[in-house]
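Descriptive analysis of the structure
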Amino acid sequence: MQQYVLSKKSKITWISGMLIIIGFFSHFALNNVGASEGALIVASILGVAPIAIQAVQALKVKVVSIDVLVTIAVVGAFLIQNYEESAIVTFLFLFGHFLEQRTLNQTRSAIKELTEMAPESALRQMDDGAFEEVEVDAVDEGDILLVKTGAKIPVDGTVLSGEGHINEASITGESVPVNKVADAEVYAGTILENGTLQIRADRVGEDTTFGKIIELVEEAQDSKSEAERFIDRFSKYYTPAVLVLSFAVWLFSQDIELAITILVLGCPGALVIGVPVSNVAGIGNGARNGVLLKGSEVIHDFSRVDTIVFDKTGTLTQGNPAVAEMEFYDGQAEEVLGYLASVERESDHPLAKAVLQEIGETTFSIVEDTKVVKGGGITAQVNGHRVAVGNAALMEQEHVLMDQKAQADIRRFGKNGNSLVLTAVDGELKILMGIRDQVRVGVKKDLEELKQLGVKNLIVLSGDNQGTVDVVARELELTEAHGHMLPEDKAAYIAELQQQGQIVAFVGDGVNDSPSLALADIGIAMGNGTDVAIETSDVVLMNSDFSRLPHALGLTKATARNMKQNIIIAVGVVAVLMTSVFFSEWMNMSIGMLVHEGSILIVIFNGMRLLRYQLNGNKRRSGYATSSSNEVAKPPLRTL
């Protein structure tokens, strides 16, 4: 019976409201006092039923809840035959609860949208080569799947064949479709807007990026911050205190109506709901914008960060070496580039891959008599020419003459943090390339935004040599830069900063970053990093999009401010109501309940503003690195 009454709470609210209207109409329009009182009595009894049930359930677990206060107040008003007050108070309380649920559901819309995007079926290749529709839970790692236009990608996988554009908004927060071709990664829950793809399942079910997002957001929304735990403890003692105050007022004044009014006005509803709604809305906004905040406590700590420490490779930089600078020393550039590509395609060295990527399409020649010079490079015969590709030491060994201009270029390239690749043909220097892991596009602007948000120290720690780290630090105008750092050195440095009283966030993506991510006050993992890094972090930037970091920090600061605003509103309203009941003649139960429910809606709507939060009022910039491209802006190549 109790569950039936509670399940019909919304209907009871509307029936109670109609009875109150009938009661007032009978009294003022028909002058029928008996019908008026009858309607109000029924409205009071009907309205207090679900409230009383919840009050009893709370008392069974030794909690004096708001429902207990309202039930006592309504019963008291009913006993002194103030049916008008009892009916209005129950209706306002039920109606306020109805509006709370409606608005709170909107703050949870982000997780609702995510769960609705979860794929339910997949086209799996069977033993005979045909594709058959199966439930997504039946898909195993290694299965070959077919995805058609308009369908959801059912798993995290790799494109085997086909081409198409995928909307990855559910994963990255970026609405611009991403082109996918063979060998590209795809994510569960994203939508193939056009084209047809065959993919290999790499991660399925809860192990997919999409599955982890839902799990993390659900856990975050269910967690409680220190502020929420304090308010829970506060309410545990505050509510009985209101009950004792009401009894004391009745004992000394013998004014039962005044005592009942105090019960109504003292309800801490807005205080209890204000902080959770801010947290839920903030976490929901983050989920929509590719930022996973793992809990309410993370929001509180992240909002106070004054120092952010970065790993270099894969965080501030792209993580892939690329040609950053190039000089040519004669007019036969196209022919020499062909020779260089022909030699380098026989090597699997990372620098060779960077050279080939830079050259692109060219005419390849037959390479003969290839010799690998340990610590130097490669020599070979190409079209009857002796070609040497390597560092300055190899050029010296090959007796390659370098004029003052070439020597100055070598020094300049080295100072800029480049690894050098020199190409000589028949003893003459033809090309000088500078290769380095380049800074992410737009990261400098992101760091400026972090400074504007109050971050005082921006520090980079890296295992690379100090010269390379210094180049990145100068380019990005960082506070400090430290190279030759082992994982334990990074963790020790973070501990030292914490001992100095700084609140430290660490941003990284690799296994070697895990100790630092765990030790820092806030660990921030790049979403394309290792599973270990993501698991040990507090914040995840989906798709490794660095541009989400300023949004994440701004969002946590806005959420922390929003929580404080809601606490002030809630406490202020209760103070005004309690003062009014003693020092004014206009305050009564109905007005108090109306103001009380209004304050609850105010803090809910105030919290919901966070769902629309955007840093500086602008949408996140697009054009940063995506899953399908590692392209970076390149400086113009100079030729002589």
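Heads up: the structure comes first, above all this text.
Calculation notes
Residues numbered from 1 in each chain as written. Predicted model: local features only at pLDDT ≥ 70, side-chain atom pairs only at ≥ 80, totals over all residues. Heavy atoms only, no water. Patch = residues over 30% accessible without salt bridge, like charges linked within 9 Å, V, L, I, M, F, W, Y side chains within 5 Å. Areas by Shrake-Rupley, 256 points an atom, 1.4 Å probe, with all protein chains shown as cover. Salt bridge = Lys/Arg side-chain N within 4 Å of Asp/Glu carboxyl O. Helix = DSSP H or I, 4+ residues; strand = E, 2+ residues; numbered from the N terminus. Buried < 20%, exposed > 50% of the residue type's maximum accessible area, 1.4 Å probe, protein only. Axes fitted to C-alpha atoms, helices over the stretch in contact; angles between N-to-C directions. Parallel < 35°, antiparallel > 145°, perpendicular 65-115°, else oblique. Left-handed = near helix turned anticlockwise from the far one by under 90°. Contact = heavy atoms within 4.5 Å. Nonpolar A, V, L, I, M, F, W, Y, C, P; charged D, E, K, R; others polar.

1. Examining a nonpolar patch on the surface
- Where nonpolar side chains cluster on the molecular surface, the patch consists of Val75, Leu79, Ile80, Phe247, Trp250, Leu251, Phe252 and Ile256 and spans about 810 Å² of accessible area.
- Contributing elements (two or more residues each) for the nonpolar patch: helix H4 (66-79) and helix H9 (226-253).
- Residue contributions to the nonpolar patch peak at four residues, all from H9.
- Summarising the element assignment, Trp250 is placed in helix H9.
- When its relative accessible area of 31% is taken as the criterion, Trp250 is described as partly exposed.

2. Thoughts on the packing of H4 against helix H10 (residues 256-265)
- Between H4 and H10, whose axes approach to 8 Å, the crossing angle comes to 150°. One way to sum up the angle between H4 and H10 is to call them roughly antiparallel. As for how H4 packs across H10, the hand of that crossing is left-handed. Contacts between H4 and H10 involve Leu69, Ile72, Ala73, Gly76 and Ala77 from the first element and Ile260, Leu263 and Val264 from the second.
- A per-class count over the contact of H4 with H10 returns seven nonpolar, one polar and no charged.

3. A look at the side chain of Lys9
- The residue Lys9 is located in helix H2 (residues 9-28) in this model.
- Note on Lys9: relative accessible area 10%, which makes it buried.
- Lys9 has contacts with Pro50, Gln54, Leu94 and His97, leaving out every residue within four places of it along the chain.

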